[in-house]
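# Structural overview
Below, each chain spelled out in residue letters.
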Amino acid sequence: MQGPLMIQGTMSGAGKSLICAGLCRILKNQGVRVAPFKAQNMALNSAVTKEGLEIGRAQAMQAECCKLKPSVLMNPVLLKPTSDKKSQVIVNGKVFGQMDAKEYYKWKKNLIPYVTESYEKISSMYDVIIIEGAGSPAEINLRDNDFVNMGMAAIAKSPVLLVGDIDRGGVFAQLAGTISLLTSEEQKLIHGLIINKFRGDISILQSGISMIEKITGKNVIGTLPYFSLNIDDEDSLSLPVENSALNLSEEGKGKIDIAIIGLPHISNFTDFDIFYQTGGALVRYVRSVATLGRPDMIIIPGSKNTLADLAWLKASGLFAMIKSYANAGGILVGICGGFQMLGKEISDEACLEGGGKAEGLNLLPFTTDFKAEKKLSLSSGTFSSMQGFFSCLETLSYSGYEIHQGESEGNVLFSKENIFGTYIHGIFDEENIAAIIVENIAKQKKIETGPLCRMSRHSLKEVAYDKLAGILEQNIDMKKIYSLLGAR
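Throughout what follows, the structure given in this document is the object of discussion. Worth saying up front: this structure is predicted, and the values here are computed from it rather than measured.

What follows covers the pattern of salt bridges. Summed over the entire model, instances satisfying the criterion amount to 17 salt bridges. Taking the shortest distance from any N to any O, the salt bridge between Glu 132 and Lys 38 comes out at 3.1 Å. With Glu 132 in strand β9 (residues 128–132) and Lys 38 in the loop between β2 (34–37) and β3 (40–42), this residue pair connects regions lying 94 residues apart in the sequence. In this pair, the class of Glu 132 matches that of Lys 38, namely buried. For Lys 80, the salt bridge identified is with Glu 54, shortest N-O distance 2.6 Å. With a gap of 26 residues between them, Lys 80 in strand β6 (residues 77–81) and Glu 54 in strand β5 (residues 54–56) connect regions that are remote in the sequence. For the pair formed by Lys 80 and Glu 54, the shared burial category is buried.

Below is the structure:
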């Protein structure tokens, strides 16, 4: 087997990332040297490579499916929105600058050599490259200098499979409309269609499949069922809807109530996925005073615009409520941007987020200054000198990564009685950590949680990757996939 295969979608969220991941794991399980690639990613959920470079989390997840360490070659361009109009542009893992959409689209042709070089390097190292598109190839206003969808397929000389999301409705219109907006040469690159997130009796779909094949001249090579696997997502659109503590479902009763503050610029929200899988806890996102209630633990997550999110926290009334909650002994955790908010003050003299200073929650004794140089590194160690509630973590090992431009006085990990803050993303992911936190809260509340999962996030993801591969193998014409990859 040798060559590239590209997965494009009719829209963002159609399922490209997971299908690429599943194909990567199928091929890896067969002994194929396979790696992922995405020319340009736009996401607030990112990952750090061992060299201290930044890439999209989806490609880091796909690398795990290939049993590889993430590499900057897998995602040479990353856009991280910092406001409604601007994004931080990251090229080859390092910050290039901030641009608004007009600036970026005027300038993006300059990135084509970087993308081409990365693809050529990674394709020389592996037999198969599974390429992920971005958004939709039918965004005809963005066709000029495209290097993400059909432009990337042309660079890689790759066949394309087009994925549509039936769960959102109108999947046949999605597929037919997308193909009709492509040039005749681009249409020739599409070698099959995949319908994703189907619920119900597939026999009801057959007449539609026959018609769409006739209309487009492309075969539907797979219909994937709607399924749920706890695998890293990079898009905050996938976050659960806000849930009120005053109206918890039957499922939530008798469980530990963990409230995550749904910041407008939330980043690296996968930090908390382990709590979903540990069991014994109801994990919910909160965006208003009315839905906060009195949770057993509040988490302030990372942010791509800490000052703007801190201002939102104050305007929403959540700032005052969180401070009162912590001063009354409530368990409070801050990660990265959330950690910075726990301190006395945040200063942005470098004007990385618009400049100025802002008062923090003043619950931990440090100030934060934003610096031009972004901190990117992998981190590991052992919990030590933990105070109060968090002494339950003493001597446990942790690992994770840092992505931040703020520098705070003191350590990257800080505990004070009922408050814990750190710059380290993924700090709860090693085995037993999340379970011990849930268990300790349950003891305080004098409730029984039942058996808790103590597996590491990595081990849980490995199980999910194999399940994902199995779903794809059962529901996609793999002979077609292999033929596109040049296999007999």
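Looking now at the sheet that holds β6. With respect to topology, four strands assemble into an open sheet ordered β3-β6-β7-β8, the strand pairing being mixed. Strand pairing shows two members of the sheet lacking a second neighbour, β3 and β8 (94–100), which therefore form its edges. Strand-to-strand twist of the sheet, defined as the mean angle between neighbouring strand axes without regard to direction, takes the value 25 degrees. Bridge analysis of strand β7 (residues 86–91) against β8 gives six bridges, and the strand direction is antiparallel. For Lys 86, the partnering residue across the bridge sits in β8 and is Asp 100.

Per the stated rule, a full pass over the model turns up 12 aromatic pairs. Both rings, one in Phe 366 and one in Phe 414, keep their centres 6.4 Å apart while their planes meet at 50 degrees; by these two values the pair is tilted. Residue Phe 366 is located in the loop between β20 (357–359) and β21 (367–382), and its partner Phe 414 is located in strand β23 (residues 413–416); the two are separated by 48 residues in the primary sequence. Through a chain of ring-to-ring contacts, the aromatic side chains of Phe 275, Phe 383, Phe 389, Phe 390, Tyr 398, Phe 420 and Phe 428 assemble into a single cluster. Looking at Arg 199, its charged tip hangs above the ring of Tyr 226, at a distance of 3.7 Å from the centre. Lying over the aromatic face of Phe 319, Lys 314 brings its terminal NZ or CZ to 5.2 Å of the ring centre.

Let's shift gears to the environment of Arg 294. Take Arg 294: it is sitting in the loop between α10 (289–292) and β16 (297–300). Note: C-alpha distance between Arg 294 and Lys 108 (186 residues apart in sequence) is 48 Å. Each residue touching Arg 294, except ones within four places of it in the same chain, is listed here: Asp 257, Tyr 325, Ala 328 and Gly 330.

By the element assignment, Phe 96 lies in strand β8. Classification of Phe 96 by relative accessible area gives partly exposed; the value is 47%. When the C-alpha atoms of Phe 96 and Val 77 are compared, they prove to be 9.9 Å apart, with 19 residues separating the residues in sequence. Non-local contacts of Phe 96, meaning those with residues more than four positions away in its chain, are made with Val 89, Ile 90, Val 91 and Trp 107.

It is worth spelling out the pairing of β21 at this point. Where strand β19 (residues 345–347) and β21 come together, three bridges link them in parallel fashion. Its bridge partner being in β21, Ile 346 is matched across the sheet by Thr 368. Across 11 bridges, the pairing between β21 and strand β22 (residues 397–408) is antiparallel. Counterpart to Leu 376 in the pairing with β22 is Ile 403.

We now examine the packing of helix α11 (residues 306–316) against helix α12 (residues 318–327). For the pair α11 and α12, interaxial distance at closest approach is 4 Å and the crossing angle is 85 degrees. Taken together, the axis directions place α11 and α12 in an arrangement best described as roughly perpendicular. Counting all contacts with α11, which are made through Leu 310, Trp 312, Leu 313, Lys 314 and Ser 316, the residues of α12 involved are Leu 318, Phe 319 and Ile 322. Taken together, the residues of the contact of α11 with α12 break down into six nonpolar, one polar and one charged.

Below, the discussion takes up the layout of surface pockets. Considered as a void within the structure, the second largest pocket measures approximately 770 Å³ in volume. Forming the walls of the second largest pocket are 29 residues, and the residues nearest its centre are Glu 64, Pro 70, Tyr 401, His 458 and Lys 461. At the level of secondary structure, the elements contributing two or more residues to the lining of the second largest pocket comprise β4 (46–48), α2 (57–65), β21, β22 and α15 (457–475). When its residues are assigned to classes, the lining of the second largest pocket shows eight nonpolar, nine polar and 12 charged.

What counts as what
- Residues numbered from 1 in each chain as written.
- Predicted model: local features only at pLDDT ≥ 70, side-chain atom pairs only at ≥ 80, totals over all residues.
- Heavy atoms only, no water.
- Salt bridge = Lys/Arg side-chain N within 4 Å of Asp/Glu carboxyl O.
- Helix = DSSP H or I, 4+ residues; strand = E, 2+ residues; numbered from the N terminus.
- Buried < 20%, exposed > 50% of the residue type's maximum accessible area, 1.4 Å probe, protein only.
- Pairing = 2+ DSSP bridges.
- Axes fitted to C-alpha atoms, helices over the stretch in contact; angles between N-to-C directions.
- Phe/Tyr/Trp six-rings, centres within 6.5 Å; stacked < 30°, edge-to-face > 60°.
- Lys NZ or Arg CZ within 6 Å of the ring centre and 35° of its normal.
- Contact = heavy atoms within 4.5 Å.
- Parallel < 35°, antiparallel > 145°, perpendicular 65-115°, else oblique.
- Nonpolar A, V, L, I, M, F, W, Y, C, P; charged D, E, K, R; others polar.
- 1 Å grid on protein atoms, 1.4 Å probe; cavity = no way out; pocket = protein on both sides within 12 Å on 5 of 7 lines; lining within 4 Å.
- Points joined across faces, edges and corners; volume = space filled by probe spheres on them.

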